[in-house]
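In case you want the letters, here they are:
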Amino acid sequence: MAESTKRIESALISVFHKDGLEPIVRELHRLGVQLYSTGGTRAFIEELGIPVTPVEHLTDFPSILGGRVKTLHPKVFGGILARRGLSADVAQMEEHAIPPIDLVIVDLYPFEATVAAGGSEQEIIEKIDIGGISLIRAAAKNHADVLIVPAQCHYAEVLDLLQGQQGATTVAQRKRFATFAFAESAHYDSAIHAWFSGEKTQPSHHLRYGENPHQQAEFIGDLDVLFERLNGKELSYNNLLDLDAALELIDDLAGLGGTPFAVVKHNNACGAAVRPTLKEAWEAALAGDPVSAFGGILATTAKVDKATAEAIDAIFFEIIMAPDYEPAALEVLRKKKNRIILRRKPAERPAQKRRTALNGTLVQSPDNITDRAAGMKVVTIKAPEKAQLQDLEFANILVKHTKSNAIVLAKGLQLLGSGTGQTSRVDALEHAIEKAAKFKFDLHGAVMASDAFFPFPDCVTIAANAGITAVVQPGGSIRDQESTDACNNLGIALCVTGNRHFKH
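Residues numbered from 1 in each chain as written. Predicted model: local features only at pLDDT ≥ 70, side-chain atom pairs only at ≥ 80, totals over all residues. Heavy atoms only, no water.

**Student:** Break down the sheet that holds strand S13 (residues 296–300) for me, with residues and values.
**Tutor:** On the basis of which strands lie adjacent, the open sheet formed by six strands has the order S10-S15-S14-S13-S11-S12 and mixed pairing. The open sheet has two edge strands, strand S10 (227–231) and strand S12 (268–275), and neither has a second partner. Strand-to-strand twist across the sheet, computed as the mean angle between neighbouring axes with direction ignored, equals 20 degrees. Taken together, the four bridges between S13 and strand S14 (residues 317–322) define a ladder with parallel strand orientation. The residue bridging Ala299 from the neighbouring strand is Met321, located in S14. Sitting on the sheet, helix H13 (residues 278–287) touches strand S11 (259–265), S12 and S13, and the angle it makes with S11 is about 35 degrees. (Pairing = 2+ DSSP bridges. Helix = DSSP H or I, 4+ residues; strand = E, 2+ residues; numbered from the N terminus. Axes fitted to C-alpha atoms, helices over the stretch in contact; angles between N-to-C directions. Contact = heavy atoms within 4.5 Å.)

Given below as structure tokens:
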């Protein structure tokens, strides 16, 4: 075993949030790790039937001042801060009977949540963690010998590490967790400073991980303004991105009249439809791609009834978002404990879109333009029929909310196929046609929407050969007339909106 790799033989656990802690405790017990703990955490571990030593037995000093002082003792901090490779430190540990502590797991008092909930001044003051933040800093400082887990969002990663390496850690891994620790400490103290100084700050939510398990993540904002979570686990980073996409799409579809239903996967709609009833809208949306719908995000602007709930309960999905649910519908949907059920609240959306790029931040206004049929300009001899105009509006909304380059095929206010995120517009179209064929859709009489102009007439030619009879695109190419002429020769209608809808 490399010199920088150390096996965990003892652990101090003192956490506020206990969800996700049990498998870690059981794994540490399996590995034969000596456990120390305090208060509610110690009681939690004891209820699991796992041996744990109270910190009071280690320090020979009781918890005092209503729990304000529990771990602040030389026998605790000496065990964390002692340098194992320094003979003088080792000698002092032996002299004072201080056992080494190799792992520290902490989850701080929920200061920000208490502020956000409108707690009294005294309640907020009591949620300023002293012992926990000291443990985090001490263990992080001595990461050469100690692994620190500074928040609940890192529970899953440390469990994987314990299981994968049989309780051993490398110095690089310990340094990585120390980085998490000092980020947690800085954020926590900044929130406390903001409250004392009267600054208004957005609450921060630690997420289980980012896009991938090895990435750390947090959400800065108040989700409680947008949603009431009625069932299921905490939202993940990818959940939040998909919800953002679903929310923007479903709001645009609501303007078509009828009842919209959308299924979103990886920020793109894999199913969408507008129908007179919610159950019909769900069935039509699911038919668009029943394979991709597995594990998707479901969104509607209608109250979910029992019949629809029973229909959607037949597949696995991550989240459903709706303005309300019938009690009988909730009873059906809550059968799966991890299924996330969100009741959407009326709330304003941010006035700006932000994302990091290179060494800075890009800021832009949202794409709030929704091209309605009345504003589409017919540029061909043949004009779309009334039903086709509705489909063009529907398809153009979908393509607006699809990753570029994007093509959407639709008929009867139902998504039949889409080409998403392609480097070629022709590739996007061919992918959309292939998807529609895979699920046995007849494209004759269908419409096509493109998020950007056609640089050549090839796309309208391919579309017409597949059965498409009406097309909408932004226009703006120096070769626009070539596409218009091709549509006239092929006998199909072409409309332009003047508004490009790239989405990256």
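**Student:** Now, about the layout of surface pockets: what can you tell me, with residues and values included?
**Tutor:** The gaps of empty space that remain are located by a probe, the size of a water molecule, rolled over the atoms. In this structure, the second largest pocket spans a volume of roughly 1,500 Å³. If you trace the second largest pocket, you find 42 residues lining it, with His17, Gln152, His205, His206 and Glu234 closest to the centre. At four residues, helix H6 (residues 111–116) tops the list of elements feeding residues into the lining of the second largest pocket. Considered class by class, the residues forming the lining of the second largest pocket number 21 nonpolar, nine polar and twelve charged. (1 Å grid on protein atoms, 1.4 Å probe; cavity = no way out; pocket = protein on both sides within 12 Å on 5 of 7 lines; lining within 4 Å. Points joined across faces, edges and corners; volume = space filled by probe spheres on them. Nonpolar A, V, L, I, M, F, W, Y, C, P; charged D, E, K, R; others polar.)

**Student:** Quick one: what's the story with the environment of Leu429, residue by residue and with numbers?
**Tutor:** Tracing the backbone shows Leu429 in helix H17 (residues 425–438). For Leu429, a relative accessible area of 0% corresponds to the buried category. For the pair Leu429 and Ser450, spaced 21 residues apart in the sequence, the C-alpha separation amounts to 8.9 Å. (Buried < 20%, exposed > 50% of the residue type's maximum accessible area, 1.4 Å probe, protein only.)

**Student:** Could you give an account of the nonpolar core, naming the residues involved and the relevant values?
**Tutor:** Grouped together as the largest cluster of nonpolar side chains are 54 residues, with contacts concentrated most on Ile13, Leu28, Leu35, Ile80, Val104 and Ile105. When residues in this core are grouped by element, the largest group, seven residues, is from helix H10 (residues 171–197). Ignoring sequence-local partners within four residues, the contact set of Ile80 consists of Leu12, Ile101, Val104, Leu135, Ala138, Ala139, Asn142 and Val146. Counting residues in each nonpolar core, the second largest holds 44 residues, with Ala245, Leu253, Ala406 and Val408 among its members. (Core = buried A, V, L, I, M, F, W, Y, C linked by side-chain atoms within 4.5 Å.)

**Student:** Tell me what's going on with the packing of helix H12 (residues 237–253) against helix H16 (residues 386–400), and back it up with residues and numbers.
**Tutor:** Packing of H12 against H16 leaves a shortest axis separation of 10 Å and a crossing angle of 165 degrees. In terms of orientation, H12 and H16 fall into the roughly antiparallel class. H12 and H16 meet at a crossing whose hand is right-handed. Where H12 abuts H16, its residues Leu249, Asp252 and Leu253 lie against Phe394, Ile397, Leu398 and Lys400. Of the residues contributing to the contact of H12 with H16, the split by class is five nonpolar, no polar and two charged. (Parallel < 35°, antiparallel > 145°, perpendicular 65-115°, else oblique. Left-handed = near helix turned anticlockwise from the far one by under 90°.)

**Student:** Please give an account of the sheet that holds strand S5 (residues 103–107) that cites residues and values.
**Tutor:** With parallel pairing, five strands are arranged side by side in an open sheet as S4-S3-S2-S5-S6. Either end of the sheet is taken by a strand with one partner, and the two such strands are strand S4 (53–54) and strand S6 (147–149). Strand direction decides the pairing type here: strand S2 (residues 10–15) and S5, joined by five bridges, are parallel. Each bridged residue has a counterpart across the sheet, and for Ala11 the counterpart in S5 is Leu103.

**Student:** Let's hear about helix H18 (residues 458–466): which residues, and what values?
**Tutor:** Within the span of H18, buried status applies to Cys459, Val460, Ala463, Ala464 and Ala466. Around the axis of H18, the buried residues are gathered within 160 degrees of arc, so they sit on the same side. Elements that come into contact with the buried residues of H18 comprise H17, strand S21 (447–450) and helix H19 (480–490). At the C-terminal side of H18, Gly467 shows a positive phi close to 115 degrees. (Arc of directions from axis to C-beta.)

**Student:** Which residues make up the packing of aromatic side chains, and what values do they have?
**Tutor:** Under the counting rule described, the total for this entry stands at seven aromatic pairs. Ring geometry for Trp195 against Phe196: centres 4.9 Å apart, planes inclined by 80 degrees, an arrangement best described as edge-to-face. Judged by relative accessible area, Phe196 falls into the exposed class, the value being 55%. Between Phe261 and Trp282, the aromatic rings sit 5.3 Å apart at their centres with planes inclined by 55 degrees, giving tilted as the arrangement. Of this pair, Phe261 sits in strand S11 while Trp282 sits in helix H13; the two residues are 21 residues apart in sequence, bridging distant segments of the chain. Residues Phe261 and Trp282 agree in their burial class; the two are buried. Connected via pairs of aromatic rings, a cluster forms that spans Phe111, Tyr188, Trp195 and Phe196. (Phe/Tyr/Trp six-rings, centres within 6.5 Å; stacked < 30°, edge-to-face > 60°.)

**Student:** Residue-level account of unusual backbone geometry, with values.
**Tutor:** In the segment running from Ser404 into Asn405, the intervening peptide bond is cis, with an omega of -15 degrees. Here Asn405 lies in the loop between H16 and strand S19 (407–410). Located in the positive-phi region is Gln166, a residue other than glycine, with phi close to 55 degrees. Positionally, Gln166 belongs in the loop between helix H9 (155–165) and strand S7 (168–169). On the basis of relative accessible area, Gln166 is assigned to the partly exposed category, the value being 42%. For Lys440, which is not glycine, the phi dihedral falls at a positive 60 degrees. Positionally, Lys440 belongs in the loop between H17 and S21. For Lys440, a relative accessible area of 73% translates into the label exposed.

In short, shape yes, function no, at least from these values alone.
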